[in-house]
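# Secondary and tertiary structure notes
So the chains spell out like this:
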Amino acid sequence: MEQLTQQLVNGIMLGCLYALIAVGYTMVYGIIELINFAFGELFMFGAFICIALTSSEISLFGSMVGMPQISFFLAVIVSMLVVGLLGVAMERLAYRPLRNAPRLAALISAIGMSIFLQNLAQSVFGSQQIKFPDIPVFTDSAGMAKAVTVLGAQVTYLQLFVVVVTVVAMILLSLFVNRTRLGRAMRASAQDKRTAALMGVNVNGIIAVTFLIGSAMGALAGGLYGAVYHFARPDMGFVPGLKAFIAAVLGGIGNIPGAFLGGLLLGMVESLGAAYIPGGSQYRDAIAFVILILILSFKPTGLLGSPVSEKA
Amino acid sequence: MEQNKPLGPLEPAESARPGVPTEAPEAGRFRAPLNPVAALFTGRGPEWVRYALLGGVLLVAALLPFVIQSDRWLTLFTIVLIYVVLASGLNIVVGFTGLLDLGYVAFYAIGGYYAAIIFVQVLKNGFGLDISEMWWLTWVNVLVGGGLAAVAGSLIGYPTLRLRGDYLAIMTLAFGEIIRIVANNWVGLTRGPSGVSGVPKFAIGDFVFKTNFRSYFLALALAVISLFVISRLVRSRVGRAWTAIRDDEVAAAAMGINTSRYKLLSYSCGAFFAGTMGVFFGQYLNFIHPSNFKLMESFVMLCLVVLGGMGGLVGPVVGAVIWITLQEWLRDFEFIQLHPEVRGMVMGIVLVLLMIFRPQGIIGGRRVPLYRKLRRERVSKE
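Residues numbered from 1 in each chain as written. Chains lettered and ligands numbered in written order. Predicted model: local features only at pLDDT ≥ 70, side-chain atom pairs only at ≥ 80, totals over all residues.

## Some remarks on the overall build of chain A
We apply this condition: Numbering of helices and strands starts at the N terminus; helices are DSSP runs of H or I of at least 4 residues and strands are runs of E of at least 2. Each radius of gyration reported is based on C-alpha atoms, and the globular scaling rule is 2.2 Å times the count of residues to the power 0.38. Here the C-beta atoms are placed from the backbone, and a residue counts as buried if at least 20 other C-beta atoms lie within 10 Å of its own, exposed if 12 or fewer do, and partly exposed otherwise. What counts as a contact here is a pair of residues whose C-beta atoms, placed from the backbone, lie within 7 Å.
Each helix and strand counted, chain A has eleven helices and six strands in total. Rg of the C-alpha trace for chain A: 19 Å, near the compact-globule value of 20 Å for 312 residues, within the 12% margin. For chain A, the spread of C-alpha atoms along the principal axes amounts to about 60 × 50 × 35 Å. Looking at the 312 residues of chain A, the share that counts as buried comes to 52%. For chain A, the proportion of contacts with a sequence separation of at least 24, taken over those separated by at least 6, is 74%.

## Focus on helix α11 (residues 284-298) of chain A
Each α-helix winds once per 3.6 residues, and so residues spaced three or four apart point in a common direction. Counted only if it meets this: Any helix carries an expected span of 1.5 Å times its number of residues minus one.
Between its terminal C-alpha atoms α11(A) stretches 22 Å, which fits the 21 Å expected from 15 residues at 1.5 Å a residue. Where α11(A) is buried, its residues meet α9 (238-251) and α10 (256-276) of chain A together with α7 (165-185) of chain B.

## Considering unusual backbone geometry
All names here are of chain A. Despite not being glycine, His-230 has its phi angle at roughly 60 degrees, a positive value. Among the structural elements, His-230 can be located in the loop between α8 (203-229) and β6 (231-232). On the basis of neighbour count, His-230 is assigned to the partly exposed category, with 14 C-beta atoms found within 10 Å.

## Some details on the pairing of strand β4 (residues 147-150) of chain A
Residues and elements named next belong to chain A. Short version of the rule: By the convention used here, strands pair only if DSSP detects at least 2 bridges between them.
Here β4 pairs with strand β5 (residues 153-156) via four bridges, running antiparallel. Counterpart to Ala-147 in the pairing with β5 is Thr-156. Counted between consecutive antiparallel strands, the loop separating β4 from β5 contains two residues, among which Leu-151 sits at a positive phi close to 50 degrees.

## Topic: the environment of Met170(A)
Relative to the helices and strands, Met170(A) is located in helix α5 (residues 157-179). On a C-alpha basis, the gap between Met170(A) and Thr26(A) in space is 13 Å, while along the polypeptide they are 144 residues apart.

## Brief notes about the environment of Ile363(B)
For Ile363(B), the location among the structural elements is in the loop between α16 (340-357) and α17 (372-381). Separated by 31 residues in the primary sequence, Ile363(B) and Asp332(B) place their C-alpha atoms 27 Å from one another.

## Remarks on helix α1 (residues 2-32) of chain A
Residue and element names in this part refer to chain A. Stated formally: One axis is fitted to the seven residues ending at the residue and one to the seven starting there. The bend at that residue is the angle between these axes.
Taking 1.5 Å per residue, 31 residues should reach 45 Å; α1 reaches 45 Å between its end C-alpha atoms and fits that length. Maximum bend of α1: about 30 degrees, positioned at Ile-21. Burial runs high along α1: 23 of the 31 residues are buried.

## Notes on the confidence of the model for chain B
Residue and element names in this part refer to chain B. Under the convention used in this document: Scored between 0 and 100, pLDDT is the confidence that the predictor attaches to each residue.
When pLDDT is averaged along chain B, the result is 79, and 81% of the positions lie at 70 or above. Here helix α1 (residues 11-15) is the element of chain B with the lowest mean pLDDT, 38, and helix α12 (residues 259-285) is the one with the highest, 92. Note that residues 1-31 has pLDDT below 50 and, in this model, 64 contacts with residues that lie over four places away or in other chains. For this predicted complex, the interface confidence score (ipTM) comes to 0.84, while the overall pTM stands at 0.83.

If you want it as structure tokens, here you go:
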């Protein structure tokens, strides 16, 4: 029982992190139908920027540089801003020129972007894993993570924080998309870019905003992921990025509640599967893929996705 | 008269979403300067030029090992030939049938692991056979490995039949990763992360393909055979069905094409060539390791196809030659030796720039003429 609740807690937290990255995938896909493989890399940059800002010094391009050592919460917000702008720049430089090109060209461009960013991070921060500094609010004086016990499971403050932040972010995003003028413009662009433009929507601006939000969410997830697992590494974004994409597909791509649901589901199944299936921890990554195949086999549009008509 | 519209194999899936514009994709801005070269390669000129060019390329390829003494470059060109076949095989699925496959590396892995496992089993159990007498097995393996991959191709293809576009891509990606994870963890069968070493080399009796020089010619022969088979395949009835499915699946089905069957066939045929190359790779490097079959490899193969220009026969070949050579050539720069990650950055940027300025690929997506006779008539009219 205790193990079960513990795994559930871990799974929910992991799922929240997947969900945060998945939002970026799903929003961007919803509008320009591009699988932006580079979100995993933006996630990684989010973690690195958080580390850089919260440490007293860090090695940049191989030389030690003094750092402001600001609080974690401020660092997350700054990294969300920086990475958000990075995402917008990426869209402007690598994807916008390909808006009308064959779809595969844009996909290859995204892969190129992902390779570039990963190597850029290696160049800036070094290829070694670097340690995430302890966050004073979440650790006691002995350096142990503060935790509460719920039904026999240790829930750290940090895990609680992750879940709360994710839920709040999801609610805010849903409100933003469904209730605001900008959100309405976003939905209009997702349905039909040309008609939306005729109605006075600045489609390019909307796409930039989408990238800004998606990338910022990825950076948020990166900062939290780094804090939870205490590390950052230039290739850390690949697997979570992939799983986040799976989460987005599971929930039905283009659908924000779907991304949340898919992320939670994936995180929990992965966590429980690793604990209870014999040999599950070795095949941990495979579990996500098997789930994906099963769900797509029976519901090809994802859990909450709307069916796509055969031919318009 | 010429169809200059670059091919977008995923167009049918795209237009399936109501309201998304489906007009012809805009050609790259830097299209013009490369076009005469592309035209030469894809045979828009007179027929004899095309054959002369083909002969010239083959001649250069055959003479290459006599000119290049460096072992490193000879190894590289052998690898290039492997990628030529892989890219051409993937092009059957992506370029001709219009199914985006991001898990193509799985079939390459199946071939490679088949060669390795057969070797381990024969070594372990003996089956009353002398391993030194088993040279013929290395050749049988190529076909059996390809066959196994083809079977896997249709098995994996089956559940994806209902899916379209990007859902299909992510499903194939999942299968590719599952096969790698299994190879990494099923230690009893694949020796897991330590890999299988000592896979026997190709041999005919006592004549072992042990030098790079000999292996290169073997690779060249395999590549030429594969390309020839593919070129016949895509011009056959089957190839026409594939093209029809790519251009408009619903219309193809309405014309009486059994789309499921031809899609599965496409997966199988593509997988077959990956399987043969997997076996070749294993018996050439004598070593198989799960890290040879990472997801990134699938992306690289897809890049080769798109880079060269899909939907034609020449594109993937050009893509593979240019890209894999560039990858290795960049290592020669002193700056890059000092900062290896710069190489990755350059490759990434080149990929993005090429797509921006030439989204249809270097050669450009040009249809393979379906009826050669018609084509000839058209040429003579010009």
